[in-house]
Each structure stands twice: as C-alpha cells, then as structure tokens.
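# Fold and contact review
Residue strings, one per chain:
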Amino acid sequence: MKAKIKLPRFEKGDPSHESSLSPQVIYEDNDIICLFKKRGVHSVILNQSDPITVADQLIYLDEAQANASPNPLEGGLVQRLDFHTSGICLAAKNLETWVNLHAQLIDQKSSTEKKYFALVEGKVISQLITTSILLKKNSKSVSVVDPGYEPRKNEKLYSARTEVNLHQYFSFDNVSLVEVSASSSKNREEATFIGRAR
C-alpha cells in the first residue's frame with residue numbers, strides 16, 4: 001500500500017527551501033493563478049520524497065490550494081508541463097473553477113485549439129524536421145530519456161519518430177520564435193520535442 005503524502009510537505013519560513021518554494025506568479029485573481037514553471041521541475045507530487053514541484057509551490061502560497069482540485073497532490077493545477085519543459089502552468093483556486101477549466105481545456109470533448117511555440121537558437125532553414133526521441137513509459141507518465149541513460153531491470157524504452165513542421169514567426173539576434181506542429185505524433189510527443197528544444 002502506498003504511503004499517504006502529508007500536505008503541505010514544506011513548512012513556511014524554512015530557509016533551506018524558501019527560494020525554491022517562491023514561484024514567479026504571472027497572473028492571479030480570485031479564481032485562477034498562473035505560475036512560471038522552470039525546466040527540470042515536476043508539476044505534481046507523486047511521492048513524499050519528491051523534489052519541490054509546482055503543486056508544492058501553489059500549496060506553499062496558500063494551503064487551500066490542496067482543496068482546489070479533486071486530487072490534493074495537484075494543488076489546483078488544471079494542466080501539467082513535462083519535466084524538461086518550461087512555461088506557464090494554470091491552476092484554479094477553487095474546485096468549481098477547476099471543474100469548469102478542465103472541461104474547457106482538457107476533456108476529450110473540448111473544442112479548444114492548442115498551439116505549441118518554441119524559442120530556438122539560430123534561424124530556421126528547413127520547415128520539416130524528422131526526429132526520433134527515446135522515451136520511457138510507466139503507468140502514470142511518459143518522459144524523455146537523456147543520451148547514455150541505462151535502463152533499469154525490466155524497464156522498456158521506445159523510440160518516438162515524429163515529423164515536425166516549423167513555422168517561423170521572427171528571428172532576432174540568432175534566436176527564432178517558431179510554431180511547432182507534429183503531423184505524425186501524439187500531442188505528448190509534440191510537447192516533449194518542444195521541451196527538448198527549449
């Protein structure tokens with residue numbers, strides 16, 4: 001049986017974690033809060049021993065965030081970003097808002113159109129890139145495998161081959177903003193590619 005995770009995992013005023021638990025708030029009102037997630041940070045809490053997550057940051061700001069989503073370990077997060085991806089995370093501040101936003105943005109019947117953008121170094125020469133990324137999958141998530149990764153016993157890795165279409169919006173000082181669409185992949189593979197490109 002999995003051990004119960006005690007929330008909040010970090011007490012206010014602990015100087016060893018203060019800077020990591022103080023996120024960059026992009027926007028906040030009575031119903032939602034948007035935080036900037038750094039690359040290399042998990043979105044939600046899976047185990048008591050996990051490093052600080054975006055959900056921890058939300059609960060650290062306000063312990064009521066643990067009640068803002070059906071799963072307290074999400075801290076009210078409506079969506080997640082992959083570990084290797086940086087960007088803005090949207091969280092509800094109450095359960096009613098979470099249910100409404102989840103229906104609009106995440107549910108299968110949602111009509112919301114998602115667009116993925118990436119900042120890349122250099123200028124885009126080709127508008128079509130074929131890439132192959134090594135992934136590992138468990139019962140809860142899919143993640144990118146770094147070069148040289150040694151799989152654990154009975155751990156299976158698989159390759160995701162993706163055709164990525166790039167539309168360059170502008171290039172300035174050797175940095176380009178491109179819209180990314182992957183015609184032969186699932187959205188998760190597309191988002192993973194973007195995370196690796198950042």
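Read on for a plain summary of the structure. Just so we're clear, the structure is a prediction, and the values are computed from it rather than from any experiment.

### Overview of the overall build of the protein
- When helices and strands are counted, the protein shows 3 helices and 8 strands.
- Start at the N end of the protein and walk to the C end: the helices and strands fall as β-β-α-β-α-β-β-β-β-β-α.
- For the protein, the exposed surface amounts to about 12,600 Å²; the carbon and sulfur share of it is 52%.

### Some points on the pattern of salt bridges
- Inspection of the entire model under this criterion finds 3 salt bridges.
- The closest approach of N and O atoms between Lys 93 and Glu 28, which form a salt bridge, is 2.7 Å. One end of the pair, Lys 93, is in the loop between β3 (87-92) and α2 (95-105); the other, Glu 28, is in strand β1 (residues 24-28), with 65 residues separating them in the sequence.
- Looking at Lys 93, the relative accessible area reads 24%, which means it is partly exposed.
- With relative accessibility at 44%, the residue Glu 28 sits in the partly exposed group.
- For Arg 80, the salt bridge goes to Glu 74, with nearest N and O atoms at 3.1 Å.
- By relative accessible area, which is 14% here, Glu 74 ends up buried.

### Notes on the pairing of β1
- Looking at chain direction, β1 and strand β2 (residues 32-37) are connected through 4 bridges and run antiparallel. Residue Val 25 lies in a different strand from β2, and its bridge partner there is Leu 35.
- Hairpin geometry of β1 and β2 is characterised by an intervening segment of 3 residues between the two adjacent antiparallel strands.

### Re helix α1 (residues 54-61)
- Where burial is concerned, most of α1 is hidden: 7 out of the 8 residues are buried.
- Within α1, the full set of buried residues consists of Val 54, Ala 55, Asp 56, Gln 57, Leu 58, Ile 59 and Tyr 60.
- Structurally, α1 contributes buried residues whose contacts are with β2 and β3.
- With a side-chain oxygen positioned 3.4 Å from the backbone nitrogen of Ala 55, the residue opening α1 is Thr 53.

### Side note on the pairing of β2
- Most of β2 is tucked away: 5 of the 6 residues are buried.
- As defined by bridge partners, β2 adjoins β3 across 6 bridges and the pair is classed as antiparallel. Paired with Lys 37 across the two strands is Gly 87, which belongs to β3.

Definitions and cut-offs
- Residues numbered from 1 in each chain as written.
- Predicted model: local features only at pLDDT ≥ 70, side-chain atom pairs only at ≥ 80, totals over all residues.
- Heavy atoms only, no water.
- Helix = DSSP H or I, 4+ residues; strand = E, 2+ residues; numbered from the N terminus.
- Areas by Shrake-Rupley, 256 points an atom, 1.4 Å probe, with all protein chains shown as cover.
- Salt bridge = Lys/Arg side-chain N within 4 Å of Asp/Glu carboxyl O.
- Buried < 20%, exposed > 50% of the residue type's maximum accessible area, 1.4 Å probe, protein only.
- Pairing = 2+ DSSP bridges.
- Contact = heavy atoms within 4.5 Å.
- Polar contact = N/O pair within 3.5 Å; in protein donor to acceptor, adjacent residues only side chain to side chain.

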